[in-house]
Structures are given as structure tokens and as C-alpha cells.
Amino acid sequence: MKVKKFEAPTMPEAMHKVRKELGVNAVILDSKELSSKGVLGLFKKKKIQVVAALDPDERMNETHSPPNGPDSEERKPIDQKPAQEHRVVDKELTSMKEQLSSLQMKTTQYPTLLQQANDFLDNQEFDATLQEIIMQRLLRSYYQSDSTWEEKDVVNMLKKVLSDQLKHVQSHSPYFNQKFVHIVGPTGVGKTTTIAKMAAEQALNYGKRVAFVTTDTYRIAAVDQLKTYAKILKLPLEVAYSLEEYQQARQKFKDYDLVFVDTAGRNYTTDTYVNELHKLIQVDEHSEAYLVLALTSKPKDMKRIYQQFSSIPFRQLIFTKSDETAQYGSIFNMVAAHSIGVAYVTNGQDVPDDLVEGAPEYIVGLVMGEWTYA
């Protein structure tokens, strides 16, 4: 096994040296950035150091083609070991190559400052594919830069890259598109409190004529909670125990500007529950739906929740409980995976205060606010 270090001003030049000397089958074991001392601490230059390895058999296979022609039989291999012993050696070489490939994945690192960004995204629980896309953009900007980066440069560039991830989705405006607004989500994510916050915002800040309808009759506490909010805000409330009563409530509030519908927060893995929601939510020219997800949930659970409810055409997402966690990568994971915007993020229990519109700059600030300078 031949192992050698290569140094060059840039990564492409270093890789060119590796390919030129070891060939295309070389395995990269490690890469890192070096900095020359310069003169009196000035004129420092960046260098890239790459550690590469090559199995001698790979070099032989690459540079020598199999013999052809009448004299090919005369070219006998030097090694005359029995066939069985050859198979053992081949098996060991294959195992060694697999280990080296695994080692390459584990030991290859970004330049020190970018490694900080990679570790930060890891801690924020970004999806691996999305994280790779973000890091590749940072890496390109880093090597294309003429000046030496400092930590603030990494932070600013990461903010820009994250903002770009949200550009293709529509952020929430203070006005809802339709009259009947259905709030959907699993139990325990804070749907009822979020509805009260949105209703208060629309009634108090924008002068909308607002009403409540709840179909969450499976939990008495949920009905009582919304009744309390309705009383405090002085907004009308209808409790619908059946689809027929829900239709009656819609008719009763047909002249209102907005009607927030609190749906039942039952086990989202139950198909029967989702089918009942389909009957209830009439996505037409007068209705729209929003999915509520708690940021305290595991990223895998968020994916499952969205998948279970995916047959319902949601306008946007609402994320709750941002004050109860320090990991916000799930917001970007969901937006990137489903090309869907964020209506609101809630950050506490107070009605109507703890409700923030899901503007891209707020979401980026929420994530980057957790960056701690070394």
C-alpha cells in the first residue's frame, strides 16, 4: 500500500497531482488546509494538503493492459501461488479497500472554519442531503474568495445560503387567502393555543371579524380551552359534533371575514382519523388548511406526520414550541423537501403575543442565533 502527501495552493491542483502520480484509483485518506508562516507574520498563504493511498495492484491494472497476441502465454505472472491462496489474498485486498473507502468518508474534513459550519448544521439537525448542498456552496465560495476568511465571513455566507434556501417558497402575509381556515396536526402540538393567537392577531391588529369552530369533541379540555379564549377575545364559537353541525356552523358564519376551525388532534398514524379530516376539510374557493408541527418533535417524526397528512393540500406550515428547543434545522428540512412556506412560528404560551410570522429572515435568524463564536 503506497501512501503519500501532496500539497498545492488549491484543492483542484492537489487532486491533479494525486491523479498524475497515483492514478484515478487513488483513495483520499485526509485533506486539510495549511497556512505558511509568511514574513513577520504577514503575507500568509493558504495551502491544501491531501493524503492519498494506492494499492500497488491498482497501479498495475491501470498502466498495463492484459497481454494479447501469440506470445501472451509466455508472459507468466511472477507469483506462482496456488489459486486458493490467490483468492484469500484477493479477499483481503477487497476488505482493505472497503475499509479505506469507509475511512475516507470519516476522515475527510472541511477547512477548519467550514468544519465549524458543518458541525453547526449537524447540531441543528439538518437533513444530510440538504446539509451537503449547503456545505458545497460554502466550499465553492471559500475557495473562490481572494481574501482569507474569518469566522464572521463564514457566518455571513451561511446566512446568505440559508436565505437562498427559502427564496423559492412563499412566505406568509398577514392576510389569509380564504374565509375558512382549518388547522390540522397531531395531538399535543399546540393547535388550539395557536388558533387563539392567530384569531387575536386578525381581530385586534387587522380589524377582521373573526369566529371559531371546533370539531375537537374527543377531548373535553380542548373545547373548554377554546371557549375560554373565545370569551376573553369576545369572539363567537360553535362546537360541531358531526359533519352536519359543521356545515351548519359554516352557514352561520358565512358573513364573517375569517373562521378558524380547530380539528381533532388524535393519533396521526390512524388512517380513519385522516379520512374523517378529508370529509371535514372542503378545500374549495372558501377554504384552506395549515399543518401544525412542533419543533420539539424528532425530524423523522415530522416527516412521518407530513406523509400521513400529505393527501390534504396545505397552504403552509406552522411550527410551534420554538422556545422549548435549540434545534431548528427541521424547518429547513420540511421547506426544502416539500417546497412549502411557513406561515407562523410560535415561541411561548402567551396569547396573542408569542406568534411570529414565518418570514425567511426571521427563520434564518432563529437558526443562526444559536451560533456561538469560539
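Residues numbered from 1 in each chain as written. Predicted model: local features only at pLDDT ≥ 70, side-chain atom pairs only at ≥ 80, totals over all residues. Heavy atoms only, no water.

Looking at the pattern of salt bridges
Oppositely charged side chains are able to pair whenever their charged atoms sit close together. Summed over the entire model, instances satisfying the criterion amount to eight salt bridges. Taking the shortest distance from any N to any O, the salt bridge between Glu21 and Lys4 comes out at 2.4 Å. Note that Glu21 is positioned in helix α1 (residues 11–22) and Lys4 in strand β1 (residues 2–8), a separation of 17 residues in sequence. For Glu21, a relative accessible area of 31% puts it in the partly exposed group. Accessibility expressed as a relative area gives 32% for Lys4, which makes it partly exposed. As a salt-bridge pair, Asp164 and Lys160 come within 3.3 Å of each other at their nearest N and O atoms. Taken together, the residues span about one helical turn, with Asp164 and Lys160 both in helix α6 (residues 151–165) at a distance of four residues. By relative accessible area, Lys160 is classed as partly exposed at 43%. Overlapping salt bridges bring together Arg137, Lys160, Asp164 and Lys167 as one network. (Salt bridge = Lys/Arg side-chain N within 4 Å of Asp/Glu carboxyl O. Helix = DSSP H or I, 4+ residues; strand = E, 2+ residues; numbered from the N terminus. Buried < 20%, exposed > 50% of the residue type's maximum accessible area, 1.4 Å probe, protein only.)

With respect to helix α7 (residues 191–205)
Its 15 residues place the ends of α7 21 Å apart at the C-alpha level, agreeing with the 21 Å of an ideal helix rising 1.5 Å per residue. Of all 15 residues in α7, 12 are buried; the element is thus mostly enclosed. What α7 keeps buried is the set Lys191, Thr192, Thr193, Thr194, Ile195, Ala196, Lys197, Met198, Ala199, Ala200, Glu201 and Gln202. A positive phi of about 65° marks Gly207, the residue just after α7. (Expected span 1.5 Å × (residues − 1).)

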